[in-house]
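# Results of the structural survey
Now for the letters of each chain:
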Amino acid sequence: AAAAAADTAAITARDRSGSSSRLFSLGYDLILDTYAGSMGFDEVTDWDYYTQDEDGNRIESVEPSPFDSSQPKRTRSSSGSVVRIFRGELGGTLGNTLRARGLDKRVLVKEFSGKIAKDLASSELDCVGKLQSEVVVDADDGAASGDWAVSASKRWLAGKMGGSTTADDAAIVKFLNILGVGKSNSKDHSPFVGILGRLDLSDFEEDMGVTPQEWYAALKVAPPKKDAIWVVYEYVGLTTLNSYARPPLARLQNLPPQRNFFGAVVAPPPIPQWRERAKYAIKGIMFQCLEAVAFLHENGIAHRSIGRNSIIVSSVAQDKMEASSPYALVPSRLVVKLADFGFGGPIADSSFDEEFRTRARSFGIEFKEGTSSVALTNFAMAEDLHALGFVFLGLLLTSLAEIPTPQYKMPATDEDSLQRLVAEIFDKDFEAFRDYVEAEDIWENLVSLLDENDGAGWDLLRQLCFARERASENKNEVTVLTARGLLSNRVFTSRW
C-alpha cells in the first residue's frame, strides 16, 4: 500500500494531465489511418571567434568578415534522426463518446526513432506535461487531486485485461475540451499542441502476428522501428507557419481548382486586399504567437527551438487548413499553437545546460552551473524572443510580398539568411536593414505599414531580434523584456 501511494504521488507530481503515464493500445484505443510524412532535425551552431594568448587562453572576441566563407557565424547540419508522422483516430468507447459529443476523434501520432529523436520525445513529454499540468489543475478538481494521472496510468492494463477505462475516457474528454477541441473561438484554445499520451506497440510487435508486408500494404511505409517512442497528439493539422510564409499568389497555385455546377474549372476569386491580409498576419498570427510564448515563459518554460516549422497554423473549423488559406482573414477562427518541445525545458534549469552557458557568455553574461538569477531568466526568455523576431521578419517579408507573378524570384527570406543580413551584412544596424527592405518594390506597402505610429512595427521587430543584446545590457538590473509586454506595441493595439 505504501509503495502504491508513493507511485501515485510520483505520477501526480510529474504530470497531472496524465499524458506522461497514459499508454494507448493499437487497435483497442486507436487506429492509424494514413502516413502523413516525416521530419528530421537540424543542429544549428552559432560560432564565436576570438584571439588567444601563447597559452591558448581567450583574449577577446573578433568579428570575421561576413564574406569569408571559412569563418561562418552560423552553420547547420542534419541530425540523422527521423520522426514519422501518422494520422490516426481514437476508437472504442472513447471514440464513440467523442463522436456522440460532436468532438474531433482524430489524432496525430509521431514515431521517434534513433537516439537523438528518442531523447527529444522524452524531453517533449516532460516539458508539455508540465504545461498541461498548469492548465488542467485550474480547470478540473479531478486533475488537481491527481485522479487523472492515476486513471491514465491504469489505462493500458485495464484495456488489456478486459477492465474498464471509463474513468480515463472521461478525463480525456475533459482534457480535449480544456485544450479547445470543438470550441469555435480561438481564445478558448491552448497555445501549445497537447499530448494525450503514448502509443504502445508491444502487442503489435509480439502477439498480433502482422507481417511487415501487411503493415506496408496498409500504410505504404516500413513497419515500426524497434524501440521507437510513439506519441499521440491532439489533431491540429499539419500546416506550419513555414507553409503560410509565402506570397499569397504563390500559395494560390497550390489550391485545388474550383469548379462550377457543371464541373468546369472556374477562375479563383481575387486575393483579398493587402491591408486586410496584413491585419490577419500581424493582429492574428503574430499576436497569437507572442501570446503563446508569453504563456510558456509565465509558466517557467523556454522553448529553445522556435522556428517557422515549430509554429502550427490551425483553425477552429473541422478543416484545419482553413486558417492558412490566402483568403483567410478572420483572426477569431485562427488557432496558432507552438509545437516541437524536444529542446524545451524549465527556465530555472537553464544553467545546467553547458551550451546555454556558452551562448550567454558570448553576450557577457556569466553564471555558474546550478545557479539562478534574473540575468539567467532574462537571457533564457530573450533567446526565444530573438528566434521569434526572425520568424516574424520572414513571415512579413513573404506573406505580404506583392510579387508580380508566381514565378517571381524573391531575395532570400529564410531565417539563416535574414540573421546574416541583420547581424553581419548590416552589423545590427536596423535602419540600414529597413533601407534594404525599402529598396525592393515588392515590400513597398510593408515598409509603409511598419513606419506607421512612429515606426511601431520596426520597433517591435528590433526589440525581438536584439532581445539577447538587451538582456546583456540589463544583466545587472531587474528590467526584463517579456513577450507579454510586447503585446502592448501599437502595431497590435492601434486601429488600422
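One structure accompanies this document, and this report is about it. (Residues numbered from 1 in each chain as written. Predicted model: local features only at pLDDT ≥ 70, side-chain atom pairs only at ≥ 80, totals over all residues. Heavy atoms only, no water.)

### Some remarks on the overall build of the chain
What the chain contains, in helices and strands, is 20 helices and 14 strands. Burial status across the chain gives 50% buried among its 496 residues. When contacts within the chain are restricted to residue pairs at least 6 apart in sequence, those whose partners lie at least 24 apart make up 77%. By element, 51% of the accessible surface of the chain is carried by carbon and sulfur atoms, the whole surface being about 23,300 Å². (Helix = DSSP H or I, 4+ residues; strand = E, 2+ residues; numbered from the N terminus. Buried < 20%, exposed > 50% of the residue type's maximum accessible area, 1.4 Å probe, protein only. Contact = heavy atoms within 4.5 Å. Areas by Shrake-Rupley, 256 points an atom, 1.4 Å probe, with all protein chains shown as cover.)

### Re the environment of Leu 108
Position of Leu 108 relative to the elements: it lies in strand β6 (residues 106–113). In this structure the C-alpha to C-alpha distance between Leu 108 and Leu 196, which are 88 residues apart in sequence, comes to 9.9 Å. If we skip the residues at most four places from it in the chain, Leu 108 touches Ile 85, Phe 86, Arg 87, Val 231, Val 232, Tyr 233, Glu 234, Tyr 235, Val 236, Gly 237 and Leu 238.

### Thoughts on the nonpolar core
Ranked by internal contacts, the top residues of the largest apolar core, which has 132 residues, are Leu 32, Leu 199, Leu 290 and Phe 433. Ranked by residue count, the leading element in this core is helix α14 (residues 374–399), at 16 residues. (Core = buried A, V, L, I, M, F, W, Y, C linked by side-chain atoms within 4.5 Å.)

### Some words on unusual backbone geometry
At Asp 340, a position not held by glycine, the phi torsion is positive, near 60 degrees. On the secondary structure map, Asp 340 appears in the loop between β13 (334–338) and β14 (345–346). On the accessibility criterion, Asp 340 (18% relative accessible area) is buried. Here the phi dihedral of Lys 428 falls at roughly 65 degrees; this positive angle occurs in a residue that is not glycine. Here Lys 428 is to be found in the loop between α15 (415–425) and α16 (430–438).

### A short note on the packing of aromatic side chains
Evaluation of the coordinates by the stated rule reveals 18 aromatic pairs. When the centroid spacing of 6.3 Å and the interplanar angle of 75 degrees are considered together, the rings of Trp 215 and Trp 230 count as edge-to-face. Of this pair, Trp 215 sits in helix α9 (residues 212–219) while Trp 230 sits in strand β8 (residues 229–234); the two residues are 15 residues apart in sequence, bridging distant segments of the chain. On the accessibility criterion, Trp 215 (5% relative accessible area) is buried. Residue class for Trp 230 comes out buried when judged on its relative accessible area of 3%. An aromatic cluster of three or more residues is present, and its members are Phe 426, Phe 430, Phe 433, Tyr 436, Trp 443, Trp 458 and Phe 466. (Phe/Tyr/Trp six-rings, centres within 6.5 Å; stacked < 30°, edge-to-face > 60°.)

### A closer look at the layout of surface pockets
One number sums up the size of the second largest pocket: a volume of about 470 Å³. What lines the second largest pocket is a set of 21 residues, and nearest its centre among them are Ser 186, Lys 187, His 189, Gln 288 and Glu 291. Going through the elements one at a time, α12 (274–298) and β13 are the ones with two or more residues in the lining of the second largest pocket. Among the elements that make up the lining of the second largest pocket, the one with the highest residue count is α12 (seven residues). A per-class count over the lining of the second largest pocket returns 11 nonpolar, seven polar and three charged. (1 Å grid on protein atoms, 1.4 Å probe; cavity = no way out; pocket = protein on both sides within 12 Å on 5 of 7 lines; lining within 4 Å. Points joined across faces, edges and corners; volume = space filled by probe spheres on them. Nonpolar A, V, L, I, M, F, W, Y, C, P; charged D, E, K, R; others polar.)

### Here's the deal with a nonpolar patch on the surface
Together, Val 374, Val 478 and Val 480 make up an exposed nonpolar region whose accessible area comes to about 240 Å². Here Val 374 is to be found in helix α14. (Patch = residues over 30% accessible without salt bridge, like charges linked within 9 Å, V, L, I, M, F, W, Y side chains within 5 Å. Salt bridge = Lys/Arg side-chain N within 4 Å of Asp/Glu carboxyl O.)

### Here's the deal with empty space enclosed by the protein
The tally for this structure, following the rule as stated, stands at two cavities of 30 Å³ or more. Looking at the largest cavity, its volume works out to about 50 Å³. What lines the largest cavity is Leu 449, Glu 452, Asn 453, Ala 456, Gly 457, Val 491, Ser 494 and Trp 496. By residue number, the principal contributor to the lining of the largest cavity is helix α17 (residues 444–465), which donates five residues.

### Thoughts on the pattern of salt bridges
Overall, the coordinates contain 25 salt bridges when judged by the stated rule. Where Glu 298 meets Arg 484, a salt bridge forms, and the shortest distance between an N and an O atom there is 2.8 Å. Of the two residues, Glu 298 is situated in helix α12 and Arg 484 in helix α19 (residues 483–486); the sequence distance between them amounts to 186 residues. Here Arg 434 ties to Asp 435 by a salt bridge, and the two come within 3.4 Å at their closest N and O atoms.

### Observations regarding α12
Between its terminal C-alpha atoms α12 stretches 34 Å, which fits the 36 Å expected from 25 residues at 1.5 Å a residue. Taken as a whole, α12 carries its principal kink of about 25 degrees at Phe 287. In terms of burial, α12 is largely enclosed, as 19 of its 25 residues are buried. (Expected span 1.5 Å × (residues − 1). Bend = angle between axes of the 7 residues up to and from the residue.)

### Some thoughts on the packing of helix α2 (residues 92–100) against helix α7 (residues 166–179)
Each packed pair of helices is defined by two parameters, the angle between the axes and the distance between the axes. Orientation of α2 relative to α7, taken along the N-to-C sense of each, is 40 degrees, at an axis distance of 10 Å. By the angle between their directions, the pair α2 and α7 is classed as oblique. Like other packed secondary-structure pairs, α2 and α7 cross with a definite hand, here right-handed. For the pair α2 and α7, contact is made by Thr 93, Leu 94, Thr 97 and Leu 98 and by Asp 169, Ile 172, Val 173 and Leu 176, respectively. Considering only residue class, the contact of α2 with α7 consists of five nonpolar, two polar and one charged. (Axes fitted to C-alpha atoms, helices over the stretch in contact; angles between N-to-C directions. Parallel < 35°, antiparallel > 145°, perpendicular 65-115°, else oblique. Left-handed = near helix turned anticlockwise from the far one by under 90°.)

### Side note on the packing of α16 against α17
Orientation of α16 relative to α17, taken along the N-to-C sense of each, is 130 degrees, at an axis distance of 11 Å. Compared by their axis directions, α16 and α17 come out oblique. For the pair α16 and α17, the crossing hand works out as right-handed. Every residue of α17 that contacts α16 at Phe 430, Glu 431, Phe 433, Arg 434, Val 437 and Glu 438 is listed here: Val 447, Asp 451, Trp 458, Leu 461, Arg 462 and Cys 465. In terms of residue class, the contact of α16 with α17 is made up of seven nonpolar, no polar and five charged.

### Quick word on helix α13 (residues 354–362)
Looking at α13, one finds that the buried residues are Phe 356, Arg 357 and Ala 360. In a view along the axis of α13, the buried residues occupy a sector of 100 degrees, so they form one face of it. Seen from the open side of α13, the exposed residues pointing more than 90 degrees away from its buried face are Glu 354 and Glu 355. Turning to α13, the residues buried within the fold contact α14. At the N-terminal end of α13, a side-chain oxygen is found 3.0 Å from the backbone nitrogen of Glu 355, two or three residues along, and the residue is Asp 353. (Arc of directions from axis to C-beta. Polar contact = N/O pair within 3.5 Å; in protein donor to acceptor, adjacent residues only side chain to side chain.)

Distances and angles like these do not, on their own, reveal function.
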